[in-house]
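Reading the structure
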Amino acid sequence: MLEVVAAILERDGRILICQRTARQSHALKWEFPGGKVEPGETPAQALARELEEELGIRGARGEEIMRYAYTYPGKPAVLLIFLRVTHFEGEPRNLIFEDMRWEAPKRLAEFDLLEGDRDFVRALAGGSVYWS
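The paragraphs below set out a description of the structure included in this document. Numbering of residues begins from 1 in every chain and follows the order in which that chain's sequence is written. Totals for whole chains, interfaces and linings use all residues, but because this is a predicted model, local features are given only for residues with pLDDT of at least 70 and pairs of side-chain atoms are given and counted only at 80 or more. Processing note: side-chain calculations cover all non-hydrogen atoms of the structure and skip hydrogens and water entirely.

Put simply, DSSP H or I for four residues or longer makes a helix, DSSP E for two residues or longer makes a strand, and each gets a number counted from the N terminus. Summing up its helical and strand segments, the protein has two helices and eight strands in all. Each helix (α) and strand (β) of the protein, taken in turn from the N terminus, gives the series β-β-β-β-β-α-β-β-β-α. Principal-axis analysis of the C-alpha atoms places the extent of the protein at approximately 40 × 35 × 30 Å. Partly exposed describes any residue whose relative accessible area lies between the buried limit of under 20% and the exposed limit of over 50%, with all areas from a 1.4 Å probe on protein chains only and scaled to the type maximum. When each of the 132 residues of the protein is scored for burial, the buried share is 44%. We call two residues in contact whenever any of their non-hydrogen atoms come within 4.5 Å of each other. At a minimum sequence separation of 6, the contacts of the protein that also span at least 24 residues come to 68%. All accessible areas in this document rest on Shrake-Rupley with a 1.4 Å probe, and a residue is counted as covered only by the protein chains that are shown. Working note: accessible area of the protein is about 7,000 Å², and carbon and sulfur atoms make up 49% of it. Between the centroid of the 18 positive side chains of the protein and the centroid of its 22 negative side chains there is a distance of 3 Å. Residues counted as positive are Lys and Arg, residues counted as negative are Asp and Glu, and His and the chain ends are not counted. All charge positions are set by atom: Lys at NZ, Arg at CZ, Asp at CG, Glu at CD.

Before going further, it helps to examine the packing of aromatic side chains. Centre distance and the angle of the planes are the two values used to describe a pair of aromatic rings. The pairing test for Phe, Tyr and Trp rings, Trp by its six-membered ring, is centres within 6.5 Å, and the orientation test on the planes gives stacked under 30 degrees, edge-to-face over 60, and tilted for anything in between. On inspection of all chains with the given rule, the structure shows six aromatic pairs. Note on F32 and F120: the rings are 5.6 Å apart at their centroids and 85 degrees apart in plane angle, and the pair reads as edge-to-face. Pair noted here: F32 is in the loop between β4 (30-31) and β5 (34-36) and F120 is in helix α2 (residues 118-126), with a separation of 88 residues, a long-range link. Judged by its relative accessible area of 3%, F32 falls in the buried class. Taking relative accessible area as the criterion, F120 reaches 0% and is therefore assigned buried.

Let's shift gears to the sheet that holds strand β1 (residues 2-8). Should DSSP find at least two bridges between two strands, the strands are regarded as paired. Judged by pairing direction, the sheet is mixed, and its four strands sit side by side in the order β5-β1-β7-β6 without closing on themselves. Bordering the open sheet on either side are β5 and β6 (58-70), each of which pairs with just one other strand. Adjacent strand axes in the sheet meet at a mean angle of 20 degrees when their direction is disregarded. Docked against the sheet, helix α1 (residues 43-55) engages β1, β5, β6 and β7 (78-89), running at close to 120 degrees with respect to β5. In this fold α2 packs onto β1, β6 and β7, with an angle of close to 100 degrees to the strand it touches most, β6. Throughout, an axis means a line fitted to C-alpha atoms (over the contacting stretch in the case of helices), and angles, computed between N-to-C directions, take values from 0 to 180 degrees.

Below, the discussion takes up α2. Buried within α2 are the following residues: F120, V121, A123 and L124. Within α2, the buried residues cover an arc of 160 degrees as seen down the axis, which keeps them to one side. Exposed side of α2, more than 90 degrees from the buried face: R122, A125 and G126 are the residues found there. Looking at the buried residues of α2, the elements they touch are β1, β3 (14-19), β6 and β7. Looking at the residues trailing α2, positive phi occurs at G127, about 85 degrees. Read the arc as the range of directions from the helix axis to the C-beta atoms.

The next subject is the pairing of β3. Counted residue by residue, β3 has five buried out of six residues, so it is predominantly covered. Bridging between β3 and β4 involves two bridges; their strand directions are antiparallel. Paired with C18 across the two strands is E31, which belongs to β4.

This is the structure we're talking about:
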């Protein structure tokens, strides 16, 4: 099963969400930065690589806070791995997205998120994901 990492970056009580471009699949949907775990790569390595490619930050490390399988219509299931980013170097900047926003966790459900991210957002809002 394909594994996908989703980075949960928090600053001042807000979480970073990013909007896909009109040219990408799931055009203009909001998501957490991250992406596919490549063959021979661990989720931790994928997290660091993806955040450097997408946000220009280096040395990202995090702890897993949730994982589940999700199947988009007409595609094989993917394993979504949500990682709370606890360390990185540099300032996140938009290298590939249509838009980026820091939003309060309670507001995330107001955005047109990727369907696969919605269970995580519900768990976060319901308090079943630890968040200090």
